[in-house]
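The chain contents come next:
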Amino acid sequence: MENSPTTLGSKGLINKHEFLRVIIQCLYSLGYKKSASCLEIESGVRYKSIEFDLLESQILSGDWDDCIDTLNKIKDVKDDTRSSVLFLVFKQCFLEFLNRGDDSLALSVLQKRVPTLHMSNETVHKLAYNILALKEMELGKLDEDVISELRKRLVMELGKQLPPPIVLPERRLEHLVETSVTAQIDSCIYHNSQDAVLLYEDHCCGRDQIPTETVQILTEHSNEVWFIQFSNNGEYLASSSSDCTAIIWKVMDNDKLTMKHVLRSHQNPVSFVAWSPDDTKLLTCGNLEVLKLWDVETGTCKHTFGDHGFTVSSCAWFPDSKRIVCGSSDPGKGICMWDCDGNEMKAWRGMRMPKVLDLAVTSDGENLISIFSDKEIRILNLRTNAEQVIFEEHSITSLSVSIDSKFFIVNLNGQEIHLRDVAGKWAKPLKYTGHKQNKYVIRSCFGGINSMFIASGSENTQVYIWNRQSSTPIEVLSGHSMTVNSVSWNPKRPLMLASASDDHTIRIWGPSQSNKIQPAETST
């Protein structure tokens with residue numbers, strides 16, 4: 001489509017007059033007044049509309065009757081907006097009449113003008129009270145410079161309230177460009193960078209912005225690896241295994257991992273780990289066994305929680321790194337909150353308490369999210385005690401919460417991952433499919449910049465990655481030879497992902513370095 005004299009762009013969607021007006025506004029807002037004025041003269045397009053130009057002139061010169069008449073004649077202004085701006089004008093009139101001693105005119109504004117706006121009596125009384133109070137203190141003393149400044153403020157206030165095209169919204173061009181950039185980022189399925197987006201070209205990230213290639217294989221576990229989790233600072237990885245151990249790995253500057261501590265104390269397979277928010281402590285859950293607290297620096301066991309009659313299914317920390325909460329898979333045992341010395345601080349128990357399969361505390365400490373009896377999600381607001389209950393059609397195997405505390409995902413044996421909002425405003429969850437999960441516990445995670453990706457293991461030996469805005473995976477990573485049980489995305493290194501498998505290994509994934517397949521490096 002060819003441009004007409006009044007439109008711009010290859011599709012003819014941009015009104016030329018509006019476009020120029022927005023550019024002129026931008027030049028003025030950036031301080032390029034001479035350039036803006038020259039563009040107004042050359043194009044014949046004025047930044048300020050005729051109506052607003054007239055209003056500004058009338059306000060600055062104090063022509064209140066003409067100003068009110070102009071406001072009443074402007075078309076396409078909603079009644080409540082018109083009333084609001086007229087009220088501001090009447091308020092200025094009232095103040096100026098009082099200041100120069102014309103009490104009768106001021107009273108006339110209050111008695112005759114303001115009531116026509118159908119404002120609440122409370123608003124009118126408040127106006128009268130405030131300005132009369134000012135009169136006692138300062139009015140009569142306001143010089144011309146102060147009055148002039150108050151009129152300029154009134155012009156600015158009207159500029160914020162009157163709608164386009166009478167007045168352009170502030171910084172309209174910046175808003176339009178920012179909206180365009182945001183839309184490009186949102187549509188970029190691989191976007192995983194905090195680098196500035198250039199305006200010189202359309203934005204599009206390549207798949208090298210996410211981890212897709214094995215860069216290291218950790219083989220120190222002697223049996224199935226069931227769970228992994230990076231520390232909050234991204235400097236460590238903890239893994240737990242059916243070999244009855246947990247291992248703390250150190251992430252080196254070259255993005256390679258080396259073993260720091262092997263944690264040996266559990267008599268049964270270790271099914272779960274949880275980092276304290278300050279990363280100085282680690283919790284480990286034995287399968288059908290107790291909970292243990294470890295010092296990360298020394299690798300020593302500091303405390304064992306519960307006894308052999310209290311089997312722990314999962315655990316979580318509160319933001320202060322001083323309190324923990326754990327759930328039991330035994331019906332009736334419920335949920336317990338302890339301090340780090342093992343003192344019970346609170347408990348949710350009862351004969352009708354269902355078994356707890358998984359739980360998490362949001363990083364802001366506001367909510368406790370629990371998975372009960374296979375298909376039930378309960379979100380307890382710990383501040384208000386308000387509770388949401390959500391039911392899933394298929395059995396839930398795991399739970400993961402986003403870093404910003406706004407979202408959580410659950411893995412279902414129906415071969416779906418559901419994303420929900422913690423606030424409970426969404427009517428339905430977002431759903432992600434493609435991976436295989438029928439009978440095993442598979443754990444997924446959020447990852448990348450702003451938690452915009454979801455990763456999950458799968459029973460078919462692969463790792464799946466989704467962009468949160470798409471239900472189908474954007475990458476399927478091969479390398480493991482058995483079920484992938486757990487994945488963890490490094491929260492500080494958005495190009496690092498770890499996966500744990502029944503094949504006894506942990507794979508560290510990084511961005512693709514070339515199209516050529518690189519041999520995997522085995523840790524020593």
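All of these numbers come straight from a predicted model, not from anything done at the bench.

Some details on the pattern of salt bridges
In a structure, side chains of opposite charge can pair up when their charged atoms sit close to one another.
Here is step 1: Within the structure shown, the criterion is met by 16 salt bridges.
Here is step 2: Arg323 is paired through a salt bridge with Asp320; the nearest N and O atoms lie 2.9 Å apart.
Here is step 3: Using a relative accessible area of 26% as the deciding quantity, one classes Arg323 as partly exposed.
Here is step 4: Glu344 is the partner of Arg349 in a salt bridge, and the nearest nitrogen-oxygen pair spans 2.7 Å.

Some points on the side chain of Gln25
Here is step 1: Among the secondary structure elements, Gln25 is positioned in helix 1 (residues 16-29).
Here is step 2: In contact with Gln25, not counting residues within four places along its chain, are Tyr47, Leu168, Pro169, Glu170, Arg171, Arg172 and Leu173.

Describing the UniProt feature "repeat: WD" (unreviewed entry) in the protein chain
Here is step 1: According to UniProt, the feature "repeat: WD" (unreviewed entry) maps to residues 218-259, 263-304 and 477-519 in the numbering used here.
Here is step 2: Annotated as residues 218-259, this span is 0% helix and 55% strand, and its ends, taken at the C-alpha atoms, are 9 Å apart.
Here is step 3: What you have in residues 263-304 is 0% helix and 55% strand, and the ends, taken at the C-alpha atoms, are 13 Å apart.

Observations regarding the packing of helix 1 against helix 9 (residues 172-186)
Here is step 1: Interaxial distance between helix 1 and helix 9 falls to 7 Å at its minimum, and their mutual angle equals 110°. Between helix 1 and helix 9, the interaxial angle falls into the category roughly perpendicular. Here Val22, Gln25, Cys26 and Ser29 of helix 1 come into contact with helix 9, specifically with Arg172, Leu173 and Glu174.
Here is step 2: Per-class residue counts for the contact of helix 1 with helix 9 are 3 nonpolar, 2 polar and 2 charged.

As for the sheet that holds strand 23 (residues 430-432)
Here is step 1: Reading across the sheet, the 4 strands line up as 20-21-22-23 and stay open at both edges, with antiparallel pairing between neighbours. Strands with a single pairing partner mark the edges of an open sheet, and in this sheet they are strand 20 (396-401) and strand 23. Adjacent strand axes in the sheet meet at a mean angle of 20°, parallel and antiparallel pairs treated alike.
Here is step 2: Sheet analysis places strand 21 (residues 407-412) next to strand 22 (residues 416-421), joined by 6 bridges and oriented antiparallel. Along strand 22, the bridge assignment pairs Phe408 with Arg420.

A word on the packing of helix 1 against helix 2 (residues 33-43)
Here is step 1: Where helix 1 meets helix 2, the closest approach of the two axes is 7 Å, and the angle between their N-to-C directions is 160°. It follows that helix 1 is roughly antiparallel to helix 2 by the angle criterion. Considering the relative orientation of helix 1 and helix 2, their crossing is left-handed. Counting all contacts with helix 1, which are made through Leu20, Ile23, Ile24, Leu27 and Tyr28, the residues of helix 2 involved are Lys33, Ser35, Ala36, Ser37, Leu39, Glu40 and Ser43.
Here is step 2: For the contact of helix 1 with helix 2, a count of residues per class yields 7 nonpolar, 3 polar and 2 charged.

Some thoughts on the layout of surface pockets
Here is step 1: In this model, the largest pocket occupies a volume close to 1,200 Å³.
Here is step 2: Lining the largest pocket are 46 residues, and of these Gln229, Asn232, Val401, Ser402 and Ile403 sit closest to its centre.
Here is step 3: Residue assignment for the lining of the largest pocket shows that the elements contributing at least two residues are strand 4 (225-230), strand 8 (270-275), strand 12 (312-317), strand 16 (356-361), strand 20, strand 24 (444-447) and strand 28 (484-489).
Here is step 4: Split by residue class, the lining of the largest pocket holds 26 nonpolar, 16 polar and 4 charged.

About the criteria used
- Residues numbered from 1 in each chain as written.
- Predicted model: local features only at pLDDT ≥ 70, side-chain atom pairs only at ≥ 80, totals over all residues.
- Heavy atoms only, no water.
- Salt bridge = Lys/Arg side-chain N within 4 Å of Asp/Glu carboxyl O.
- Buried < 20%, exposed > 50% of the residue type's maximum accessible area, 1.4 Å probe, protein only.
- Helix = DSSP H or I, 4+ residues; strand = E, 2+ residues; numbered from the N terminus.
- Contact = heavy atoms within 4.5 Å.
- UniProt positions renumbered as here; feature names shortened; annotations may be inferred.
- Axes fitted to C-alpha atoms, helices over the stretch in contact; angles between N-to-C directions.
- Parallel < 35°, antiparallel > 145°, perpendicular 65-115°, else oblique.
- Nonpolar A, V, L, I, M, F, W, Y, C, P; charged D, E, K, R; others polar.
- Pairing = 2+ DSSP bridges.
- Left-handed = near helix turned anticlockwise from the far one by under 90°.
- 1 Å grid on protein atoms, 1.4 Å probe; cavity = no way out; pocket = protein on both sides within 12 Å on 5 of 7 lines; lining within 4 Å.
- Points joined across faces, edges and corners; volume = space filled by probe spheres on them.

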